[in-house]
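Each chain, written out:
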Protein chains: 2
Amino acid sequence: MKSPSHCTGTDDDQARQWDTREGCEVRQILDRVADKWSLLVIALLDRRTLRFTELRREIDGVSQRMLTVTLRQLERDGLVHRTVHPVVPPRVDYRLTPMGATLHHTIQALVAWTEDHQDKIAAARAEYDQREGEARSA
Amino acid sequence: MKSPSHCTGTDDDQARQWDTREGCEVRQILDRVADKWSLLVIALLDRRTLRFTELRREIDGVSQRMLTVTLRQLERDGLVHRTVHPVVPPRVDYRLTPMGATLHHTIQALVAWTEDHQDKIAAARAEYDQREGEARSA
DNA sequence: CGGCATCCCTGCTGATACTG
DNA sequence: CAGTATCAGCAGGGATGCCG
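Parameters at a glance
Residues numbered from 1 in each chain as written. Chains lettered and ligands numbered in written order. Predicted model: local features only at pLDDT ≥ 70, side-chain atom pairs only at ≥ 80, totals over all residues. Heavy atoms only, no water. Contact = heavy atoms within 4.5 Å. Salt bridge = Lys/Arg side-chain N within 4 Å of Asp/Glu carboxyl O. Helix = DSSP H or I, 4+ residues; strand = E, 2+ residues; numbered from the N terminus. Nonpolar A, V, L, I, M, F, W, Y, C, P; charged D, E, K, R; others polar. Pairing = 2+ DSSP bridges. Axes fitted to C-alpha atoms, helices over the stretch in contact; angles between N-to-C directions. Near = heavy atom within 4 Å. Polar contact = N/O pair within 3.5 Å; in protein donor to acceptor, adjacent residues only side chain to side chain. Least-squares fit on C-alpha atoms with pLDDT ≥ 70 in both. Buried < 20%, exposed > 50% of the residue type's maximum accessible area, 1.4 Å probe, protein only.

With an unreviewed UniProt entry as reference, chain A is termed Helix-turn-helix domain-containing protein, source organism Streptomyces asiaticus subsp. ignotus.

Below, the structure written as structure tokens:
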């Protein structure tokens with residue numbers, strides 16, 4: 001691996017400039033966004049502030065452990081803001097930071113692309129699977 | 001889970017419209033893109049057609065197994081085209097399909113976002129880690 | 001309510017060896 | 001060269017139980 005912490009390569013290969021697996025910010029952010037739950041959390045929080053339990057209920061399928069872990073990661077990256085209200089019973093609110101909001105906005109482009117192409121992808125898969133099926137039986 | 005195969009929710013929650021974990025195209029494509037090697041392969045192939053070994057050498061760190069798996073997935077999704085030349089020794093060329101090229105283009109926005117914000121994220125992390133460190137020692 | 005600690009299990013990944 | 005097949009190791013994630 002070339003650049004441990006930053007991606008600005010002294011490397012002549014431009015593609016390697018922004019991704020050579022580890023130590024690259026792109027990789028880390030991408031992993032965060034593509035995380036099973038992060039994207040959904042971001043999408044939910046973009047709409048409005050939510051409490052822990054509300055998120056848990058909305059997402060439906062997430063374990064409390066993973067929701068906590070996900071929120072901590074997002075908080076650490078400065079994408080989500082966590083507010084603890086010193087009341088009893090405890091109340092913790094989560095909201096997107098401005099940076100988190102811009103990330104969500106950026107992600108929408110990818111979501112839009114997926115929606116535009118999901119039919120073509122499904123078709124490509126079907127075709128591929130059929131080709132492979134024939135190849136095996138032949 | 002609500003919509004097994006498609007994401008057009010009858011659900012009133014709009015966020016759930018495009019992601020409720022499984023069965024959603026967005027999730028699958030996102031997983032593909034965020035895959036450890038897929039993004040790099042796409043980036044490399046966007047520049048020019050490459051052979052298997054060339055990709056292997058360029059990526060540096062990928063096992064031949066994972067490169068194969070990655071390429072098969074991308075091929076199945078119709079993002080990469082595979083050309084087998086019936087010669088000896090074998091020669092297999094990989095190139096981006098038009099759809100793959102548009103995906104790469106879309107991804108660039110996310111990469112750009114990451115580059116724009118990586119300093120802020122690093123700062124957020126440092127601040128968070130320090131806060132936590134103090135909290136534990138206090 | 002919100003969260004952390006523990007245990008455990010699945011599956012992804014890498015290493016290795018073999019084939020057309 | 002370009003794979004496929006097999007095996008083993010480890011991390012991710014769920015389930016459970018306990019605290020503030």
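What follows continues from the structure just given.
Enquirer: Hey, could you go over the interface of chain B and chain A for me, with residue numbers and the actual values?
Expert: Counting from both sides, the interface comprises 59 residues of chain B and, opposite them, 60 residues of chain A. Note that R76 of chain B and D129 of chain A form a salt bridge whose closest N and O atoms lie 2.5 Å from each other. When contributions to the side of chain B that touches chain A are tallied by element, the ones reaching two or more residues are α1 (25-34), α2 (38-47), α3 (52-59), α4 (64-76) and α5 (98-137) of chain B. For the side of chain B that touches chain A, the residue count by class is 25 nonpolar, 11 polar and 23 charged.

Enquirer: Residues and numbers for the sheet that holds strand β3 (residues 91-96) of chain A, please.
Expert: Residues and elements named next belong to chain A. Here three strands make up an open sheet; going across it, the order is β1-β3-β2 and the pairing antiparallel. At either end of the open sheet lies a strand with only one pairing partner, and these are β1 (50-51) and β2 (80-85). Note: β1 against β3, two bridges, orientation antiparallel. Residue L50 lies in a different strand from β3, and its bridge partner there is Y94. The strands that helix α2 (residues 38-47) touches are β1, β2 and β3; relative to β3, the one it contacts most, it runs at about 95°.

Enquirer: So what about the protein's contact with DNA strand C? Which residues, and what values?
Expert: Near DNA strand C lie 18 residues; those nearest to it are T53, Q64 and R82 of chain A together with R65 and M66 of chain B. For DNA strand C, the fraction of atoms within 4 Å of the protein that belong to sugar or phosphate moieties is 58%. In the model, a phosphate oxygen of DNA strand C is placed 2.6 Å from a nitrogen or oxygen of the R82 of chain A side chain. Between K36 of chain B and DNA strand C, the recorded distance is 3.2 Å, taken from a side-chain N or O atom to a phosphate oxygen. The set of elements that each furnish at least two residues to the surface near DNA strand C consists of α3 (52-59), α4 (64-76) and β3 of chain A together with α4 of chain B.

Enquirer: Just give me the short version of the relation of the copies chain B and chain A, but keep the residues and values in it.
Expert: There are two copies of the chain, and a rotation about an axis plus a shift along that axis relates them. Expressed as a screw operation, the relation of chain B to chain A combines 0.0 Å of axial shift with a rotation of 180°, fitting to an RMSD of 0.0 Å. Read as a symmetry element, the transformation amounts to a two-fold axis. Nearest to the rotation axis, the C-alpha of A34 of chain B is located 3.0 Å from it, this being the minimum over chain B. Comparing contact sets, 100% of the residues at the interface of chain B also lie at the interface in chain A, consistent with an isologous, same-surface contact.

Enquirer: Residue-level account of the side chain of R125 of chain A, with values.
Expert: Relative to the elements of secondary structure, R125 of chain A occurs in helix α5 (residues 98-137). Of the residues examined, R125 of chain A reaches a relative accessible area of 12% and is grouped as buried. Within the local environment of R125 of chain A, its side chain forms a polar contact with the side chain of D77 of chain B, the two groups lying 2.6 Å apart. Beyond its immediate chain neighbours, meaning those up to four positions away, R125 of chain A contacts E25, Q28, I29, R32, R76 and D77 of chain B.

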